[in-house]
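Single-letter residue listing:
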Amino acid sequence: MVRVRSVILCVFGKLPVCHYHRLFITVLALCISGILWQACPIASYHRKSDTKSCPQISQLPIPVKPMGVVLNSGNYQAPIHLDVFVDLFCPASKTAYKTMKELISEYGPETLRVVVYQFPLPFHRNSFLASQGVQIAKLMSSDAAITWMDVMFNNIQQYSDGSTMEMTTNEIIKEMGYIAEKVLHVSSSKFIAALNGHESHLAARAEWKYGCSRAVAQVPTFSVNGIPLVAANEKWTLHHWKTAITSLLKSTF
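About the thresholds
Residues numbered from 1 in each chain as written. Predicted model: local features only at pLDDT ≥ 70, side-chain atom pairs only at ≥ 80, totals over all residues. Heavy atoms only, no water. Helix = DSSP H or I, 4+ residues; strand = E, 2+ residues; numbered from the N terminus. Expected span 1.5 Å × (residues − 1). Buried < 20%, exposed > 50% of the residue type's maximum accessible area, 1.4 Å probe, protein only. Arc of directions from axis to C-beta. Contact = heavy atoms within 4.5 Å. Core = buried A, V, L, I, M, F, W, Y, C linked by side-chain atoms within 4.5 Å. Phe/Tyr/Trp six-rings, centres within 6.5 Å; stacked < 30°, edge-to-face > 60°. Axes fitted to C-alpha atoms, helices over the stretch in contact; angles between N-to-C directions. Parallel < 35°, antiparallel > 145°, perpendicular 65-115°, else oblique. Left-handed = near helix turned anticlockwise from the far one by under 90°. Nonpolar A, V, L, I, M, F, W, Y, C, P; charged D, E, K, R; others polar.

Student: An account of helix H9 (residues 198-213) is requested, with residue identities and associated values reported.
Tutor: Taking 1.5 Å per residue, 16 residues should reach 22 Å; H9 reaches 22 Å between its end C-alpha atoms and fits that length. If you check which residues of H9 are buried, you get Ser-200, Ala-204, Ala-206, Glu-207 and Gly-211. For H9, the arc enclosing every buried residue in end-on projection is 155°, short of the 170-degree limit, so these residues lie on one face. Residues of H9 that are exposed and point over 90 degrees away from its buried face: His-198 and Glu-199. In this fold, the buried residues of H9 make contact with strand E2 (80-86), strand E3 (112-118), helix H5 (127-140) and helix H8 (188-195). Note on H9: the residue one or two positions beyond its end, Ala-215, has a positive phi of about 65°.

Given below as C-alpha cells:
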C-alpha cells in the first residue's frame with residue numbers, strides 16, 4: 001500500500017524520483033497505454049481488419065498443360081528461352097511475330113526456345129475469340145495452333161473493329177468456324193461449338209491472367225530467360241535479336 005502510494009506521489013512529483021521509481025513508472029505507463037489502446041476504436045478497427053476484412057490472395061488457375069505455343073519445338077533445356085505476349089489483331093504484335101519466326105530459323109531448337117502467349121487487349125473486340133481459337137487448335141497440335149495464329153494475323157483487317165462493326169458476335173464466330181474448317185481441317189460446327197464452350201473460354205482467360213501475373217500491360221511484350229526485356233519492341237529487327245542472343249550465349253553467367 002505504501003509502495004503504491006509512493007508511486008502515485010512520484011507521478012505527481014511529490015517525491016524525489018530515483019531510478020527504481022522511473023523504471024516502475026515506465027512499466028506502469030506502458031500497461032496503462034496498452035489498456036487504453038485496447039479500448040480505442042482505432043485499435044478495434046485494426047483488429048477487425050486483420051481477422052475479417054483482410055483481402056484474400058486469389059489463386060491463378062493452374063493449367064493441365066503448360067501455357068503458350070512453342071514456335072520451334074524448342075528444347076526446354078535450351079540456354080535461351082524467349083517468351084512473347086501478343087494480341088492476334090494487333091499490328092505491332094504481327095510485326096514482332098514475323099520477326100520471331102525469322103529468328104527461330106537462325107537458331108536451332110537446342111539453342112533457342114520461343115513461346116508465344118496470348119494477351120488479347122480489351123479494346124480489340126474480336127481478340128479474345130481469336131485467343132480462344134488458339135486454345136482449341138492447340139488441343140489438336142502445336143502446328144495447328146501456329147497455323148491458326150498465322151491466319152489470324154493475316155486477317156487483322158478483316159476482323160478489325162471497324163470491319164465487324166455491323167456484325168453480331170455469333171456472325172463473327174460463324175465466320176471463324178468456316179476459316180477453321182478450311183485451314184485446320186476440322187468441321188466448322190465442331191469449332192463453333194468449342195468457341196461457344198466454357199473450356200476454351202476458361203483456357204483463354206487463364207492465359208490472359210498469366211500475362212497479368214507477369215506484369216504484361218501492352219503487346220508485344222518480351223522476356224528472356226524469365227526476365228522482362230524492356231528495351232525490346234516490335235521495331236527490333238532480326239539483327240537486334242541476334243546481337244542480344246549472341247551476347248547472352250557468350251556470357252558465363
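Student: Requested: an account of the nonpolar core, with residues and values cited.
Tutor: Counting residues in each nonpolar core, the largest one holds 48 residues, and the members touching the most others are Trp-148, Met-152 and Met-176. A per-element tally of this core places helix H6 (residues 142-154) first, with 8 residues. With residues up to four places along the chain from it excluded, the contact list for Met-176 reads Phe-89, Asn-126, Leu-129, Ala-130, Trp-148, Met-152, Tyr-159, Phe-191 and Leu-195. Val-70, Cys-90, Tyr-117 and Leu-121 belong to the second-largest nonpolar core, a separate cluster that totals 12 residues.

Student: Describe the packing of aromatic side chains, with residues and values.
Tutor: For the structure on display, the rule yields 9 aromatic pairs. Ring plane angle 20° and centroid distance 4.9 Å describe the contact between Phe-85 and Tyr-117, whose orientation is recorded as stacked. One end of the pair, Phe-85, is in strand E2; the other, Tyr-117, is in strand E3, with 32 residues separating them in the sequence. Relative accessible area serves as the criterion here: at 2%, Phe-85 is assigned to the buried category. For Tyr-117, a relative accessible area of 8% corresponds to the buried category. One aromatic cluster is present, built from ring pairs that chain together Phe-85, Tyr-117 and Tyr-210.

Student: Explain the packing of H5 against H8 to me, and be specific about the residues and the numbers.
Tutor: Contact geometry of H5 with H8 gives a least axis separation of 10 Å together with a crossing angle of 115°. As summarised for this structure, H5 and H8 are arranged roughly perpendicular, according to the angle between their axes. For the pair H5 and H8, the crossing hand works out as right-handed. Where H5 approaches H8, its residues Leu-129, Gln-132, Gly-133 and Ile-136 are matched on the opposing element by Phe-191, Ala-194 and Leu-195. Looking at the contact of H5 with H8 residue by residue, the classes come out as 5 nonpolar, 2 polar and no charged.

Read these as spatial facts, not as claims about activity.
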